[in-house]
Amino acid sequence: MKPWQTFFVVLAFCGVAAAGIPWIYHKSQTLTLEELKRNSEIWKAKEPPSYTLRVFLDENGTKSTWVFRTEAKQIVAVSKNGHFLTETEGSECLPESVFYQIGNWLKYQYQDEKAPYITASFNPELGYPLRAVLRRKSPPQRIEIQMILEPFKP
């Protein structure tokens, strides 16, 4: 093979790799309904009775920080951005509600003109979502949820 032919073969290989690697990575990052259900079941089985949960919510650039304190699987304190609220507020930020919300993202993803990007990572031991992201192009929307759970014994 002549040097100029080798150059074009290498160039073609690099072009295929440049297009293929991001596509493969994207496919590995997208969330499936089965993965969501599996982690939801892990959470239901292994949810600690007492913990502090910090939830960082970024919805279209509006950021908020929620902190939940539970004892014996009962919410005893809730705060949003440093201000205490009643125990009934903020339930949409708890793991059970986030699992339901992500499930809705997955169910309705094909109704958009352009399929949204949906991904999530889960705690391997307890199953709760560590981070979940929804990015839609039409209508423009971006939601990111991050959770940090600190179990404790009262």
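Described in the following lines is the structure provided in the data block.

Rules used throughout
- Residues numbered from 1 in each chain as written.
- Predicted model: local features only at pLDDT ≥ 70, side-chain atom pairs only at ≥ 80, totals over all residues.
- Heavy atoms only, no water.
- Axes fitted to C-alpha atoms, helices over the stretch in contact; angles between N-to-C directions.
- Helix = DSSP H or I, 4+ residues; strand = E, 2+ residues; numbered from the N terminus.
- Parallel < 35°, antiparallel > 145°, perpendicular 65-115°, else oblique.
- Contact = heavy atoms within 4.5 Å.
- Nonpolar A, V, L, I, M, F, W, Y, C, P; charged D, E, K, R; others polar.
- Expected span 1.5 Å × (residues − 1).
- Buried < 20%, exposed > 50% of the residue type's maximum accessible area, 1.4 Å probe, protein only.
- Arc of directions from axis to C-beta.
- Patch = residues over 30% accessible without salt bridge, like charges linked within 9 Å, V, L, I, M, F, W, Y side chains within 5 Å.
- Areas by Shrake-Rupley, 256 points an atom, 1.4 Å probe, with all protein chains shown as cover.
- Salt bridge = Lys/Arg side-chain N within 4 Å of Asp/Glu carboxyl O.

**Topic: the packing of helix α2 (residues 33-46) against helix α3 (residues 95-107)**
Moving on, step 1. At a minimum axis separation of 10 Å, α2 and α3 run at an interaxial angle of 170°. In terms of their interaxial angle, α2 and α3 are classed as roughly antiparallel. Residues Leu-33, Leu-36, Asn-39, Ser-40 and Trp-43 of α2 form the contact with α3, whose own contacting residues are Pro-95, Glu-96, Phe-99, Ile-102, Gly-103 and Leu-106.
Moving on, step 2. Its residues assigned to classes, the contact of α2 with α3 comprises 7 nonpolar, 3 polar and 1 charged.

**Some words on α2**
In an α-helix there are 3.6 residues to a turn, and that puts residues three or four apart on one side.
Moving on, step 1. The end-to-end C-alpha distance of α2, which contains 14 residues, comes to 20 Å, matching closely the 20 Å that a straight helix rising 1.5 Å per residue would cover.
Moving on, step 2. For α2, the complete set of buried residues consists of Leu-36, Asn-39, Ser-40 and Trp-43. Taken end-on, α2 shows its buried residues confined to a sector of 105°, consistent with a single buried face. Seen from the buried face of α2, the exposed residues on the opposite side, beyond 90 degrees, are Glu-34, Glu-41 and Ala-45.

**With respect to a nonpolar patch on the surface**
Moving on, step 1. A contiguous nonpolar surface patch, about 480 Å² in accessible area, is contributed by Trp-4, Phe-7, Phe-8 and Leu-11.
Moving on, step 2. Note on placement: Phe-8 falls in helix α1 (residues 3-29).
Moving on, step 3. Accessibility expressed as a relative area gives 48% for Phe-8, which makes it partly exposed.

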